[in-house]
Every structure is written in structure tokens, then in C-alpha cells.
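# Structural characterization, general
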Amino acid sequence: MQHDLVKAADPGHAAISDVAENKEQTFAARVFASQPFWVTIALIALVVIMAINEPSFGTVENAANVTRNFAPIGIMAMGMTVVIITGGIDLSVGSVMGLVAIVAGLFLTWHYPWYLAFAMGMIAGIACGAVNGFFVAYVGMPSFVVTLGMLSIARSLAVVFSANQMLYQFGPDAPIVRAIGQAKWPLRAPAGWAPQWMPELSSHFWVMVGLALIVGYVFNSKAWGRHLFAIGGNEQAARLTGVPVDWIKFQAYVFSAFTASLASLLLLGYNGSAINAMGQGYELRVIAATVIGGANLMGGAGTAFGAFIGSAFLEVIRNALLMAGIDSNWQGAFVGAFIILAVLLGMQTGGKAIVAAILERLLPKKHR
Amino acid sequence: MTDPVSQSNSRNGLVLSLRGISKSFGAVSALTKIDLDVHAGEVVALVGDNGAGKSTLVKILAGVHLPDSGTITFCGEIVVLDDPAASLRLGIATVFQDLALCENLDVVANIFLGRELDPWRLDEVAMEIRAWTLLNELSARIPSVREPVASLSGGQRQTVAIARSLLLEPKLILLDEPTAALGVAQTAEVLDLIERVRDRGLAVVMISHNMEDVRAVADRIVVLRLGRNNGIFHPDASNQELVSAITGASNNAVSRRAERRQGSREHSGEPRP
Ligand SMILES: Nc1ncnc2c1ncn2[C@@H]1O[C@H](COP(=O)(O)OP(=O)(O)OP(=O)(O)O)[C@@H](O)[C@H]1O
Ligand SMILES: [Mg+2]
């Protein structure tokens, strides 16, 4: 549309536009070059193969399980994507989960109403994010160091606050807390309307989907999202054009901590108890999911859909290995191999994903 | 080559006036008591050797560095340029030596970075149309404004950076070596563009090491040497005069050497001083 406008306004430009036609990446070419696309293909293939070979994999119960299991990772992957786009990293998310669960759990055991307990947990989590953000954005320390420190601090606080006990006597609001964490939709008969083939999806899953839609919208339609990418691409340039770089970086870490808090509260509700070890090692799973989904650790690239699909992919592999009866000690090796493979597949070679480049070699142009 | 004020051959009002600007980085004094006047509709070329302080002066005007002393008067008012946004707000646009583009973003996003249309719900269509309009005004050869800047050539990037500086309709535009990375044709385009910008009544400060380019567009040539003012010249000043001001021919030995070097350069057709 704009091309026509330009041609009309300036006939001398037509020749340039003709050249542009060739160079302009079509929508399909863009999709082929994107890592999330290939991870999605791999995920679908994996699901199909497993469903055919393993009867217990393709059940609605397993589908509900898998989608619930990866949702907390997916939720945190949204926050991690935001941080990674700015060129940073947040290693503290797992520990923040533990601290949030313990703080909220304590208020519940003291018989405060659930919303107050959740709010206090949320405040504790966001405070961790604000400390991260302050030292990274305003003091200028490397995010790796700051969030590594916070990983240690938040976990330690969780242990201290909980007196190393599991918290589960949640007082009068315990049923509400459970209801939030264990809610499902849509329900099958007799409780609901959903047909038998439809999985009852957990509240965790729906929170993740909602968050992914919001994050995706912000990335594409808000100046704030655009500025995240600009900071990751060239922080100095963003500063020179008047982008409030420090403030936006600060907000990125706060948002990451917010997503960790959200995941923590949902898991707290699901378990009906709080332990200070919640989320241990999750930071690596979240980073793996984000990177598999195509976020670039150097900054400047990442998508909400990628974070979603990366988390799903990791969990399906884990679940598939379990179902296939492979010794669980092998899981780490498989997951690690898939991280490397996924990034290799999405690696840009002259603006194309490796897979797209290989396809181009194998198939002559006219067939595509 | 004496008083910076009396030399100006302006047609219009004074846009920028610097008095006694000094800046040091630790022990290095990059600028010492710099005076500079720029009028509307005038191209001032800022020349000087490597390390003379040209980029530092541009960065002070862009709000990147604060001067240690001295006053900046912009459109009749004394201003403090304490961050890049302050300069942009006043109407001082800068094209930096390293262009300051985000390689991962497309042309439209780069042009509108920090001043997106409708920040709460980006108006991509309006931004794309405006970007094409700007680029067409510059006769830019950009295949697509939706390609990441990483896939553009040096000249195309330069054009994008210049287009961005014009977006906010500034009163003063600062160009730090705008032609350094460009081929012959692209250089001509940029020089044309500078003239067009000047004819629209903007004040232009251009830094360049290329005396041909400087002569081609400048109304005045301001020489910096070792961070100090070292004369103001008309574009028809002789090469020898310019070169000795740039390289510092204050005593006879240096002057003779400069002449000798310059003579041999002209002989070999080397255009740079
Ligand atoms: N951020 C900085 N920190 C320390 N010293 C600096 C800084 N910026 C510039 N300088 C010093 O100030 C002096 C002037 O540098 P400047 O970049 O302004 O020179 P220039 O005239 O633009 O040179 P060139 O033609 O090479 O671009 C140099 O000695 C340089 O080393
Ligand atoms: Mg310079």
C-alpha cells in the first residue's frame, strides 16, 4: 500500500521499488527463517510420534498435566524474554519463587486473608526485582553478577523466614488458595460442558496464555516494547535518541520478578503448601526455554510466542522420555542436547535459519 | 581569520552561539575556550586534525557531555544541555560519527526511535508513510523500510541516520563526518541534501576531513586545533591557508614543512590535507 503511494508520488522511485520487490522478505520467508517456527514443527512431530507409539501419552489427562507443568516455566519465560531482549539475564527467578511462596505462606499461616498474603508475597518478589533492576540499570553492574547475588540472597531469606519448615496450615482461606491453584477450565461432564476429548486446562496454563498475549501485544504495539529491542540492539544509540534506557531496564527486572511471583503463587495454591526450596534450579529451565524459543542472549531478539513454545518443548521432551520409560537420569543429557540443537536450527546464516538454508539447497527455487 | 562573530555572512538570525566552552576528560583537555556562532540558513564546516575536539564539541551540543565551563546560547536563550532528550526538545538534531543506529530494528523503527507515533498503540502505517516521505526527500535508495538496518550498506545507513535527524524538524543539525563512509555518488547525494536542508532555513554544522566536500557546501569554515579555535575561513580560502591552520603553522619551520607536504600532496592528487 505504501509502495503504491510512493510510486505515485515519485515516478523516479519506481525502479527502486522494483528492486525492492525482489529483496523484500515475504511473510513465508520470514516465518521459515524464525527459530520458534522450527521448534513448533519439532514439537508437533514429537507429539505425533509419541501419541502414535505411546498410548498413555495422547490422553487428555496427560495433556492437562503437561500443559500445567510447563505453565510456571512459560510464565517466567515471558519475564526472562523481556530481560534477555535488553541484553541482560535474570538468574534469580527460581529463588524469588521460593521467597514469594514462603512470605505468602507465612501470612496465610498467620490467618490473614488470601489476597493480603498474595499481595505480601508479590511485594517481596517485586522488591527483589527492584533491587536487581536498581543495581543493573542505575549502578551499571552486570546483570549476571547482580542476579546471581539475588539468587543466593532470596533463597537464604526464604530458608530463614520459614525456619526451614514446610508451611501448610493455611487457616480459613486455605480452600480459596487451593481453588486458585487447582482451578481448571473447561470442565468435562458432569461438572461442565466440555466434550470428552478436550483436556481440562489448569489456571496456570490460562494465566500463561493471557500473559503471553499481553507480552506479545506490548512487543508489537507499544513504544515500550520497541525500546526494549532498541536497548538490546544498541544501548548507546537508544540513549542518544532520548529513550529512558535506565528506567526501562529497571522495569524489565521488576517484570521478570513479577512473573516469578505469579508462578510461585499459582504453585503455592496447587500444592496447598509452601516450601523454601520451591523453584530451585528453575532459572536454568526458564533460560533454556527462552533460548530454545529464539531469544538471543546477546540481546535485541525474542518473542512471546517463542517463550511459550520453548517452555512447551522442554516439558514435552521431559514427559516423553518419562513415558518412553527412559531412565530419568538421562533426562539432563537429552534436554541439554535439545537446547544446543534448537539454537543450532535457529542460528542465522546470512539472514536465514539453517533449516531454511538447507531446504533452499535441496529444493530448486521453482518448487517452493 | 580573527573574530568569529564579525566573519559571519549570515542572511538570518543567530541560532547557536557558544562562548568559552571548555571540556576536559581527566588530564586531557579536549576543548579550551571555544567560541562558535551558527546562523539559520548557514552551513558551518568544523575542521581539524584527529583529536582536535570536533566530536567532543558535537557531543556537548547533543547533550551527551556537559561542558566544564562556558555558555551555550540557543535561539537567544542560554540553555543547559544535560541529556540527549534536552537537546532534541530544543531542536538540535545530531548525526553521530558512529551513526547510533539499532541494527536489529528496521528502518522505520530506527527513524522513529524515542519519538514513536502514538506510543501506546504504535501507528505503524503512519510511521512507514512518513519514513518513505523523508527518505524520498533525500532521494534515498533503500530497498525496504521493513528490513533490519543490519542488512543495509554504509551509505544507506548514513541516509537513515540523516532522515532520523530531520524527523523532528530541528532548527540546528549537527553532522559528524557524514561523508566519511560514502562513495563518490553517495557523497554527492549527502552534500546535495545538506544544501537542501540549509535552503529550508536550518542551521547546519558539518564535520569533515575532506576539504573538497567542505568547500563544496560550507558558508564558513571553522578550524579547531588542539581543542582551541584556530581561525575562520571563507570556502574560497586557499588550501595552504586551511592546511596551515589545521596543522598549526604558527612558526616558520612548521609553515615551511606544511607547504612542502601540501605541495607534494597536490602533486600526487591526494585530496586530504
Ligand atoms: N569520553 C572520553 N574520555 C576521555 N577522553 C576523550 C573522550 N572523548 C574524547 N576524548 C579525547 O578528547 C580529544 C578530542 O577527541 P574528539 O573525539 O573530540 O576528536 P575529533 O576531533 O572528533 O577527532 P577525529 O577526527 O579523529 O574524529 C582526544 O584527545 C580524545 O582522546
Ligand atoms: Mg570525531
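Nothing here was measured: the structure is a model prediction, and the numbers come from that model.

A word on the coordination of the magnesium ion (ligand 2). Tetrahedral coordination by four donors puts the ideal angle at the metal at 109.5 degrees, and octahedral coordination by six puts it at 90 or 180 degrees. Distances from the magnesium ion (ligand 2) to its protein donors, Ser55 of chain B (OG) and Gln97 of chain B (OE1), fall at 1.9 to 2.4 Å. Taken together, the positions of serine 55 of chain B in helix α1 (residues 54-61) and glutamine 97 of chain B in the loop between β6 (92-95) and α3 (107-111) put the pair 42 residues apart, joining distant regions of the chain.

What follows deals with the pattern of salt bridges. Two side chains that carry opposite charge are able to pair once their charged atoms sit near each other. Counted according to the given criterion, the structure contains 18 salt bridges over all chains. Where arginine 188 of chain A meets glutamate 61 of chain A, a salt bridge forms, and the shortest distance between an N and an O atom there is 3.3 Å. Taken together, the residues arginine 188 of chain A in the loop between β1 (184-185) and β2 (201-202) and glutamate 61 of chain A in helix α5 (residues 60-85) connect sequence positions 127 residues apart. Given a relative accessible area of 47%, glutamate 61 of chain A falls into the partly exposed group. Across the pair arginine 19 of chain B and aspartate 37 of chain B runs a salt bridge whose closest N-O atoms are separated by 3.0 Å. Taken as a pair, arginine 19 of chain B in strand β1 (residues 14-25) and aspartate 37 of chain B in strand β2 (residues 28-39) lie far apart in primary sequence, 18 residues in all. Given a relative accessible area of 30%, arginine 19 of chain B falls into the partly exposed group. Judged by its relative accessible area of 2%, aspartate 37 of chain B is buried.

Residues and elements named next belong to chain B. Per-residue pLDDT for chain B averages 86, and the proportion of residues at 70 or more is 86%. Across residues 269-273, where pLDDT falls below 50, the model places nine contacts with residues more than four positions away in sequence or in other chains. We note a pTM of 0.87 for the whole complex and an ipTM of 0.84 for its interfaces.

Here we take up the interface of chain B and chain A. Listed by partner, the interface residues are 34 residues for chain B and 32 residues for chain A. Approximately 2,700 Å² of surface area, both sides summed, lies buried where chain B meets chain A, with 61% of it carried by carbon and sulfur atoms. Linking chain B with chain A are one salt bridge, by the criterion used here. A salt bridge links arginine 226 of chain A to glutamate 124 of chain B; the shortest N-O distance between them is 2.7 Å. On the surface where chain B and chain A come into contact, there are eight residue pairs in polar contact (both at pLDDT 80 or more). Residues of the side of chain B that touches chain A, tallied by class, amount to 21 nonpolar, four polar and nine charged.

Moving on: the sheet that holds strand β5 (residues 77-79) of chain B. Residue and element names in this part refer to chain B. Spatially, β2-β1-β4-β5 is the arrangement adopted by the four strands of the open sheet, whose pairing is antiparallel. Unpaired on one side and paired on the other, β2 and β5 mark the two borders of the sheet. Sheet twist, expressed as the average angle between the axes of neighbouring strands with direction ignored, equals 25°. Looking at chain direction, β1 and β2 are connected through eight bridges and run antiparallel.

Right, let's get into the pairing of strand β9 (residues 220-225) of chain B. Residues and elements named next belong to chain B. The element β9 is extensively covered by neighbouring structure, given that five of its six residues are classed as buried. One ladder, built from four bridges, connects strand β3 (residues 43-47) with β9; its direction is parallel. Opposite valine 47, over in β9, you have valine 223 as the bridge partner. In terms of strand pairing, β9 meets strand β10 (residues 228-233) through four bridges, oriented antiparallel.

The next point concerns the site of ligand 1. All names here are of chain B. Near ligand 1 there are 14 residues, and of these Gly51, Lys54, Ser55, Thr56 and His209 occur at the shortest range. Within the contact set of ligand 1, an oxygen atom lies 2.5 Å away from a side-chain nitrogen or oxygen of threonine 56. Starting from 630 Å² of accessible surface for ligand 1 in isolation, the protein chains cover 63%. Where the shell around ligand 1 is concerned, the elements lending two or more residues are β2 and α1.

Let us look at the packing of aromatic side chains. Residues and elements named next belong to chain A. Counted under the stated rule, the structure contains 17 aromatic pairs over all chains. On the basis of an interplanar angle of 80° and a centroid distance of 4.9 Å, the ring pair of phenylalanine 37 and tryptophan 38 is categorised as edge-to-face. By relative accessible area, phenylalanine 37 is classed as partly exposed at 25%. Assessed through its relative accessible area of 13%, tryptophan 38 is described here as buried. Seen from their ring centres, tryptophan 185 and tryptophan 206 are 5.4 Å apart, and the 70° between their planes marks the pair as edge-to-face.

Rules behind the numbers
Residues numbered from 1 in each chain as written. Chains lettered and ligands numbered in written order. Predicted model: local features only at pLDDT ≥ 70, side-chain atom pairs only at ≥ 80, totals over all residues. Heavy atoms only, no water. Donors = N, O, S within 2.8 Å, 3.2 Å for Na, K, Ca; no water. Helix = DSSP H or I, 4+ residues; strand = E, 2+ residues; numbered from the N terminus. Salt bridge = Lys/Arg side-chain N within 4 Å of Asp/Glu carboxyl O. Buried < 20%, exposed > 50% of the residue type's maximum accessible area, 1.4 Å probe, protein only. pLDDT = per-residue confidence, 0-100. Contact = heavy atoms within 4.5 Å. Buried area = accessible area lost by both parts, 1.4 Å probe. Polar contact = N/O pair within 3.5 Å; in protein donor to acceptor, adjacent residues only side chain to side chain. Nonpolar A, V, L, I, M, F, W, Y, C, P; charged D, E, K, R; others polar. Pairing = 2+ DSSP bridges. Axes fitted to C-alpha atoms, helices over the stretch in contact; angles between N-to-C directions. Near = heavy atom within 4 Å. Areas by Shrake-Rupley, 256 points an atom, 1.4 Å probe, with all protein chains shown as cover. Phe/Tyr/Trp six-rings, centres within 6.5 Å; stacked < 30°, edge-to-face > 60°.

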